[in-house]
Amino acid sequence: MISFVTDLSMTASNLKKKKDSTTALCYFNTKVKIKNMFNKVELSISAYDTAWVAMIHSPASPQAPFFPQCLNWLLDNQLFDGSWGLPGRHPLLMNDALLSTLACILALKQWSIGEDQIHKGLQFIESNITSINDEKQHPPIGFDILFPSLIEYAQILGINLPIGAASLESIIQKKELELQRGSQNNSEGWRAYLAYVSEGMLKKSQDWKTIMKYQRKNGSLFNSPATTAAAFQHLKNNDCLNYLQSVLEKFGNAVPTVYPLDIYARLYMVDSFERLGITHHFKEEIRGVLDETYRYWLQGVEEIFLDPTTCAMAFRILRLNGYDVSSGPFYQYSEDKFANSLKGHLEDVGAVLELYKASEVIIHPDESVLARQNTWTKHLLKQESSLYRVFSDKLGSYVDHEVNDVLNFPYHANLELSLNKRSMEHYNVEETRILKTSYRSCNLANQEILKLAVEDFNLCQTIQGEELKQLERWVIDSKLDKLKFARQKIDYCFFSVAAVLSSPEISDARISWAKNGVLLTVVDDFFDFGGSEEEQVNLIQLVEEWDVDINTVCCSETVKIIFSAIHGNICEIGERSIKRQGRNVKKNVIKFWLDMIRSMYREAEWSRTKVVPTIDDYMENADITFGLGVIVLPALYLVGPKLSDEVAENNELDRLFKPMSTCGRLLNDIQTFKREYEQGKLNAVTLRIAHSNGLITAEEAIEEIKGIIEDKRIELLRLILQEKGSIVPRDIKDLFWKMTKVLHVFYMKKDGFTLLELHSDVNAVIKEPVILRDLLVNAKQNP
């Protein structure tokens with residue numbers, strides 16, 4: 001029996017090792033597949049655009065195609081239902097299939113080949129033509145102009161289309177209405193739109209030379225093979241031809257609906273990896289993308305600067321990664337200029353979203369262009385009835401989510417793990433985008449990417465679950481739970497660090513941050529109302545003397561518990577810092593704690609003696625009493641990079657602490673001033689009102705303070721992103737911004753730290769795992 005149990009145990013152990021080995025191999029293979037995506041941007045083939053290229057006449061003979069390989073591709077790639085287009089299309093893309101199918105029929109008919117394919121295609125159109133009147137359908141860009149034009153061309157070729165007279169009249173009428181509406185405003189956006197869909201304008205009198213003003217340096221019009229093919233057919237422009245030949249050389253016998261898309265696609269990968277929390281796996285590849293994009297930025301490459309979406313994304317990602325990029329290009333995307341552009345005419349919320357997100361990374365006080373951009377883009381995104389509620393190039397299933405997420409979680413209040421989880425829950429592994437026809441790219445959406453993100457998140461959560469248990473045991477062992485006056489905020493303190501410092505290897509930094517957060521809450525309540533004046537003085541003396549016999553020098557059990565917890569925690573930080581820093585930083589941490597409790601005592605004295613300090617005196621003291629120093633400083637030593645005494649004592653760290661602490665104190669004061677006024681506590685809002693001699697209201701005081709918070713936030717972000725003259729490593733500086741984001745979340749609407757406003761957010765990050773299977777099922781149900 002014993003032998004059997006032993007054998008069973010060994011078998012289980014071997015199976016576990018085998019399973020772990022298999023999991024590790026799959027994890028490795030997933031990362032390799034994703035790394036390869038950086039090397040090549042994949043784009044699906046467009047039957048619609050390929051048909052237009054196939055219709056170009058040979059210069060040698062108008063009876064022969066210039067690109068017969070495209071014609072052959074059409075013959076070989078009709079779908080089983082008789083249509084052409086993207087395989088596995090979404091049901092709401094039927095109009096896209098109709099447009100692509102009719103274009104392919106015309107190309108085959110023009111060269112008098114593929115009778116069977118033409119017949120099957122016409123049957124498909126006959127079976128599905130009613131979808132053109134279905135308002136739920138997501139039509140391709142320009143459908144109301146392009147589809148009627150293709151019908152007119154079909155009639156010229158003598159094709160008997162299976163479309164009833166009523167339907168035909170309705171289709172033609174839509175085109176006339178579209179043209180009439182556009183001609184009335186005659187904006188630059190309308191003219192650019194007409195040029196973009198110019199293959200659908202069959203009139204010989206069309207001014208093709210005017211359209212050619214939109215030609216790009218790569219020879220294309222709008223990076224669109226279809227538009228470029230139509231222009232070449234009329235003008236025989238060599239640059240158009242070179243573009244088409246280069247695209248065919250890359251893709252073989254067919255073309256995509258947009259090319260090139262490399263800069264946007266790679267930036268989108270970097271951005272989505274950031275949102276999903278997996279950038280640490282691809283640091284080298286991401287650095288390569290950013291360096292390349294920065295070179296293109298300096299060179300003024302059209303692929304960036306002719307597209308507001310790409311320009312805004314490049315600016316935001318480059319700036320946040322320390323590259324020196326100017327906000328000057330956004331003058332060309334001011335509210336009136338954007339509205340008068342192609343993407344403005346298309347009412348593209350994707351571009352508005354990116355412009356809004358770019359406007360959030362102001363780091364200079366004179367960047368008024370970004371401030372104005374923030375105002376008008378936010379206004380458009382907030383309007384429920386706004387036309388800017390659909391993507392011009394994306395199915396609208398996730399539009400409301402993306403808009404709401406950006407508005408509800410601005411950059412300065414977006415915690416990494418919360419963002420990661422939301423992004424996974426709304427990630428569409430089979431995302432289809434649509435321009436003049438639909439397309440996909442594994443670079444833009446891929447199941448492997450989601451799989452890696454889920455594995456990473458759950459691994460971090462498992463590790464953090466053990467850390468939380470360790471923290472809970474420490475609170476009990478330290479008897480901090482016996483202090484009934486103190487708020488018990490273990491989960492919140494741990495959430496505040498777990499959500500922004502998730503890497504498994506920096507467990508020491510997380511534990512330190514969370515323990516100091518718990519201690520800070522206890523000490524804050526102790527100086528507010530939990531301790532007598534004698535006890536407060538006693539605690540300060542103990543920290544000053546430090547190496548004392550706690551059994552003889554503590555005036556009460558409360559002081560003994562608090563001092564013992566502080567003493568043990570700081571000693572632990574000192575020991576752990578030896579591993580990270582090569583020296584014990586205990587003295588540095590003690591100094592921060594001593595400064596804080598002395599300032600807390602001073603504030604308590606003001607309240608006891610009814611002193612009303614000046615706002616400057618209050619803020620100088622309150623920046624310290626808010627206590628961020630005792631949380632952030634130890635974490636700086638434990639997060640990774642070496643922080644020498646020279647660097648630690650340099651005033652650069654002081655310049656980082658100041659705006660972070662001011663933001664935190666004022667955010668807290670805005671949300672707590674009514675309660676603290678009733679408790680007789682000092683507060684920036686009540687002091688501002690008092691020192692104004694009643695000339696300003698509470699609302700006006702709060703608005704003033706919000707302005708100060710914004711200025712300090714901009715100052716802090718500038719200091720963090722600044723590389724020239726900085727001696728503090730970026731990973732260390734980032735902790736100041738991470739703490740600021742936590743504070744904005746805690747005090748976004750109420751005093752979210754004291755109240756239970758964030759309970760669901762806390763549980764979502766530290767207790768509720770992500771189930772990949774559920775995400776995939778949900779994506780299929782809500783594409």
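Calculation rules
Residues numbered from 1 in each chain as written. Predicted model: local features only at pLDDT ≥ 70, side-chain atom pairs only at ≥ 80, totals over all residues. Heavy atoms only, no water. Helix = DSSP H or I, 4+ residues; strand = E, 2+ residues; numbered from the N terminus. Buried < 20%, exposed > 50% of the residue type's maximum accessible area, 1.4 Å probe, protein only. Contact = heavy atoms within 4.5 Å. Areas by Shrake-Rupley, 256 points an atom, 1.4 Å probe, with all protein chains shown as cover. Lys, Arg positive; Asp, Glu negative; His and termini not counted. Charge placed at Lys NZ, Arg CZ, Asp CG, Glu CD. Phe/Tyr/Trp six-rings, centres within 6.5 Å; stacked < 30°, edge-to-face > 60°. Axes fitted to C-alpha atoms, helices over the stretch in contact; angles between N-to-C directions. Parallel < 35°, antiparallel > 145°, perpendicular 65-115°, else oblique. Left-handed = near helix turned anticlockwise from the far one by under 90°. Nonpolar A, V, L, I, M, F, W, Y, C, P; charged D, E, K, R; others polar. Salt bridge = Lys/Arg side-chain N within 4 Å of Asp/Glu carboxyl O. Disulfide = S-S within 2.5 Å. Core = buried A, V, L, I, M, F, W, Y, C linked by side-chain atoms within 4.5 Å. pLDDT = per-residue confidence, 0-100.

What to know about the overall build of the protein
Then step 1. Tallying secondary structure elements over the protein gives 37 helices and two strands in all.
Then step 2. Based on the C-alpha atoms only, the size of the protein along its principal axes is roughly 105 × 90 × 45 Å.
Then step 3. Per-residue burial for the protein yields a buried fraction of 56% across its 783 residues.
Then step 4. If you take every contact in the protein between residues at least 6 apart in sequence, the share linking residues at least 24 apart comes to 72%.
Then step 5. Element-wise, carbon and sulfur atoms account for 52% of the exposed surface of the protein, whose accessible area totals about 34700 Å².
Then step 6. Side chains of the protein give 88 positive and 104 negative charges; the mean places of these two sets differ by 2 Å.

Observations regarding the packing of aromatic side chains
Then step 1. On inspection of all chains with the given rule, the structure shows 26 aromatic pairs.
Then step 2. Consider the rings of Phe-38 and Phe-273, whose centres lie 5.7 Å apart with planes at 85°: the pair is edge-to-face. Remark: Phe-273 occurs in helix H12 (residues 262–276) and Phe-38 occurs in the loop between helix H1 (2–37) and helix H2 (47–54); sequence separation between them is 235 residues. Note on accessibility: Phe-38 and Phe-273 belong to one class, buried.

Description of unusual backbone geometry
Then step 1. Residue Pro-260 is bonded to the preceding Tyr-259 through a cis peptide linkage, with omega at 0°.
Then step 2. In this structure, Asn-223 is a non-glycine residue whose phi angle is positive, near 55°.
Then step 3. Not every positive phi belongs to a glycine, and Glu-347 is a case in point at roughly 55°.
Then step 4. Here Glu-347 shows up in the loop between helix H17 (342–345) and helix H18 (349–359).
Then step 5. Glu-347 gets classed as partly exposed once you look at its relative accessible area, which sits at 25%.

Here's the deal with helix H21 (residues 416–425)
Side chains three or four residues apart in an α-helix point the same way, a direct result of the helix having 3.6 residues per turn.
Then step 1. Of all ten residues in H21, nine are buried; the element is thus mostly enclosed.
Then step 2. Every buried residue belonging to H21 is among Glu-416, Leu-417, Ser-418, Leu-419, Asn-420, Lys-421, Arg-422, Ser-423 and Met-424, and all of these are buried.

A look at the packing of helix H10 (residues 225–235) against helix H11 (residues 238–251)
Then step 1. For the pair H10 and H11, interaxial distance at closest approach is 9 Å and the crossing angle is 140°. The pairing of H10 with H11 is recorded here as oblique in orientation. Regarding H10 and H11, the two cross each other, and that crossing is left-handed. Each of Pro-225, Thr-228, Ala-229, Ala-231 and Phe-232 in H10 lies in contact with H11, whose residues at this interface are Cys-240, Leu-241, Tyr-243 and Leu-244.
Then step 2. Split into classes, the residues belonging to the contact of H10 with H11 amount to eight nonpolar, one polar and no charged.

Here's the deal with the pattern of salt bridges
As a working rule, side chains carrying opposite charge can pair if their charged atoms are close by.
Then step 1. For the structure on display, the rule yields 43 salt bridges.
Then step 2. Between Arg-319 and Glu-367 there is a salt bridge; the shortest N-O distance is 2.8 Å. Taken together, the positions of Arg-319 in helix H15 (residues 308–320) and Glu-367 in the loop between H18 and helix H19 (368–382) put the pair 48 residues apart, joining distant regions of the chain.
Then step 3. Owing to a relative accessible area of 3%, Arg-319 belongs among the buried residues under this scheme.
Then step 4. One salt bridge connects Arg-510 with Glu-467, and the closest N-O pair in it is separated by 2.8 Å. In this pair, Arg-510 sits in helix H24 (residues 507–530) while Glu-467 sits in helix H22 (residues 447–477), placing the two residues 43 residues apart along the sequence. Considered together, Arg-510 and Glu-467 belong to a single accessibility category, that of buried residues.
Then step 5. Via salt bridges that share partners, Asp-271, Arg-275, Arg-316, Glu-354 and Lys-357 belong to a single interconnected network.

A word on the state of the cysteines
Then step 1. As enumerated under the stated definition, the model contains zero disulfides in all.
Then step 2. Here Cys-493 is not disulfide-linked; the sulfur of Cys-663 is the nearest cysteine sulfur, at 20 Å.
Then step 3. The class of Cys-493 is buried, set by a relative accessible area of 3%.
Then step 4. Residue Cys-555 stays outside any disulfide, its sulfur separated by 7.5 Å from that of Cys-554, the closest cysteine.
Then step 5. For Cys-555, a relative accessible area of 34% puts it in the partly exposed group.

Section: the environment of Glu-178
Then step 1. By the secondary structure assignment, Glu-178 is in helix H7 (residues 165–185).
Then step 2. When its relative accessible area of 14% is taken as the criterion, Glu-178 is described as buried.
Then step 3. In this structure, the C-alpha to C-alpha distance between Glu-178 and Thr-30, residues 148 residues apart in sequence, is 47 Å.
Then step 4. Here Glu-178 is in contact with Asp-144, Ile-145, Trp-190 and Tyr-193, once residues within four sequence places are set aside.

Here's the deal with the packing of helix H23 (residues 490–498) against H24
Then step 1. For the pair H23 and H24, interaxial distance at closest approach is 8 Å and the crossing angle is 140°. Considering the angle they form, H23 stands oblique to H24. For the pair H23 and H24, the crossing hand works out as right-handed. On H24, the residues that touch Ile-490, Cys-493, Phe-494, Ser-496, Val-497 and Ala-498 of H23 are Arg-510, Trp-513, Ala-514, Gly-517, Val-518 and Thr-521.
Then step 2. Classifying every residue of the contact of H23 with H24 by side-chain character gives eight nonpolar, three polar and one charged.

Observations regarding the nonpolar core
Then step 1. In this structure, Leu-74, Phe-147, Phe-330, Leu-480, Trp-593, Leu-636 and Phe-736 are the most contacted members of the largest nonpolar core, which totals 260 residues.
Then step 2. Apart from the residues within four sequence positions on either side, Leu-636 is in contact with Gln-581, Pro-641, Leu-643, Leu-653, Phe-657, Ile-732, Leu-735 and Phe-736.

Considering helix H30 (residues 628–638)
Then step 1. Counting buried positions along H30 yields eleven of eleven residues, so the element is predominantly enclosed.
Then step 2. A positive phi of about 150° marks Gly-640, the residue just after H30.

Some thoughts on the side chain of Thr-50
Then step 1. With respect to the helices, strands and loops of the structure, Thr-50 is situated in helix H2.
Then step 2. Residue classification places Thr-50 among the buried residues on the basis of a relative accessible area of 0%.

With respect to the environment of Glu-402
Then step 1. Within the element layout of this structure, Glu-402 appears in helix H20 (residues 399–408).
Then step 2. Distance from Glu-402 to Gly-350, taken between C-alpha atoms, is 9.2 Å for residues 52 residues apart in sequence.

Concerning the environment of Leu-298
Then step 1. With respect to the helices and strands, the residue Leu-298 is situated in helix H13 (residues 283–299).
Then step 2. Expressed as a C-alpha distance, the spacing of Leu-298 and Val-325, which sit 27 residues apart in the sequence, is 8.6 Å.

Here we look at the confidence of the model for the protein
Then step 1. Residues at a pLDDT of 70 or more form 93% of the protein, whose mean pLDDT is 91.
Then step 2. In the predicted structure, residues 1–13 sits below a pLDDT of 50 and forms zero contacts with residues beyond four places in sequence or in another chain.

Regarding the side chain of Glu-360
Then step 1. Looking at where Glu-360 falls in the secondary structure, it is placed in the loop between H18 and H19.
Then step 2. One buried charged residue, Glu-360, remains without a salt bridge, the closest side chain of opposite sign being Arg-316 at 6.9 Å.
Then step 3. Non-local contacts of Glu-360, meaning those with residues more than four positions away in its chain, are made with Asn-374, Pro-410 and Tyr-411.

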